[in-house]
Amino acid sequence: MQQITRRPEAPVRLRRLRRTAPMRGLVRETRLDPQQLIYPLFVRGGKRVREPIPSMPGQFRLSVDELVAEVGTARRLGIEAVLLFGLPAVKDPLGKGAYAEDGIVQDAVRALRAAHSDLVIMTDVCLCEYTSHGHCGVLANGEVDNDATLDLLARIAVSQAAAGADVVGPSAMMDGQVAALRRGLDESGMGHVAIMAYSAKYASAFYGPFREAADSAPQFGDRRGYQMDPANVREAEREIALDLAEGADIVMVKPALAYLDVIARVRPVVPVPLAAYNVSGEYALVKAAAQQGWVDESRVVLEILTAIARAGADLIITYHAKEVAGWLSAR
Ligand code: PBG
């Protein structure tokens, strides 16, 4: 067989496929689609309340009626999935508001389900927004008690599923939480409800604005005793393998932008959909710089989300979701 060799006078010209926008579109390797975005929303009590969150410009603490309206707007732009966080009126050491039948998230889920029968409704399963001490589990001797917390996490998930959630997202970083939720859901006749596990969730300073939004900063200590050390990546593979073994339907890396290597590293060993959480601090940095006129907001946001997808994320949870959907449809 004769070898086909390049003529020495024909140098490599990668610019040929970059000449025009349609040409670039033809050969683009990573595409963003509003259908892969998940829009996180904060819900609180009251009526007609749209309370701005100072550290997250463009995001609000919404009463249930306003939440329904906001989701209507987002859906018209092509967003089909939301992730709910609740801001209860009162907090206590056991986080009872998280698993109350008339809890704020449960109310919100019922209202959204009534208005949008096929919306993908995801809920966060954690105690930190509901506990007076701000930790993600219950305390025993000044420490977060793993196994005592598991029962409560399962109760939260079951109550959210009973209200109509499609996907529950355990984010407390307790060992065994996915198995506890799966068992609780199955024993309650909620076998159809999926689990999106916050598997590789790091103890990150990028959650700062969220904790202001949810008033959920720990009252003592920090979360390093249960969330992952930012220096570790092999451990992320172990967390993900365990959650898959426990029955996770979707696994997540969180935060996203400073952890693109983690996303890329775990991708080959994740046979289920992989989600990445573009967290509050990442959002706040972009918004602040854009407000100063220092960066072009839409281009920076699209570049960041494209990078998260390029690293290997199938789903992206982002506070930019609604704006991005608008930009993508205007292109
Ligand atoms: C609850 C939870 C947190 C976030 C999502 N779920 C806060 C935390 O762990 O402190 C952070 C999300 C964000 O920063 O956007 N445990």
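Given the structure is predicted, the values throughout are model-derived calculations rather than measurements.

(A) Local environment of the pairing of strand β10 (residues 250-254). The element β10 is extensively covered by neighbouring structure, given that five of its five residues are classed as buried. In this sheet, β10 lies alongside strand β9 (residues 194-201) in parallel orientation, the contact comprising four bridges. Bridge pairing in β10 links Lys-201 to Lys-254. Each parallel crossover has a hand, and for β10 linked through helix α8 (residues 260-266) to strand β11 (residues 274-278) it is right-handed.

(B) Representation of the packing of helix α10 (residues 297-311) against helix α11 (residues 321-330) within the structure. Direction vectors running N to C along α10 and α11 enclose 100 degrees, while the axes themselves pass 11 Å from each other. The orientation of α10 with respect to α11, classified from their angle, is roughly perpendicular. Contact residues: Glu-297, Ser-298, Val-301, Leu-302 and Leu-305 in α10; Glu-323, Val-324, Trp-327 and Leu-328 in α11. Its residues assigned to classes, the contact of α10 with α11 comprises six nonpolar, one polar and two charged.

(C) Molecular detail of a nonpolar patch on the surface. Taken together, the side chains of Leu-17, Leu-26 and Val-27 make up a nonpolar region of the molecular surface, amounting to roughly 290 Å² of accessible area. The topology assignment puts Val-27 in helix α1 (residues 21-27). Residue class for Val-27 comes out partly exposed when judged on its relative accessible area of 39%.

Rules behind the numbers
Residues numbered from 1 in each chain as written. Predicted model: local features only at pLDDT ≥ 70, side-chain atom pairs only at ≥ 80, totals over all residues. Heavy atoms only, no water. Buried < 20%, exposed > 50% of the residue type's maximum accessible area, 1.4 Å probe, protein only. Helix = DSSP H or I, 4+ residues; strand = E, 2+ residues; numbered from the N terminus. Pairing = 2+ DSSP bridges. Right-handed = clockwise from strand over helix to strand, strands pointing away. Axes fitted to C-alpha atoms, helices over the stretch in contact; angles between N-to-C directions. Parallel < 35°, antiparallel > 145°, perpendicular 65-115°, else oblique. Contact = heavy atoms within 4.5 Å. Nonpolar A, V, L, I, M, F, W, Y, C, P; charged D, E, K, R; others polar. Patch = residues over 30% accessible without salt bridge, like charges linked within 9 Å, V, L, I, M, F, W, Y side chains within 5 Å. Areas by Shrake-Rupley, 256 points an atom, 1.4 Å probe, with all protein chains shown as cover. Salt bridge = Lys/Arg side-chain N within 4 Å of Asp/Glu carboxyl O.

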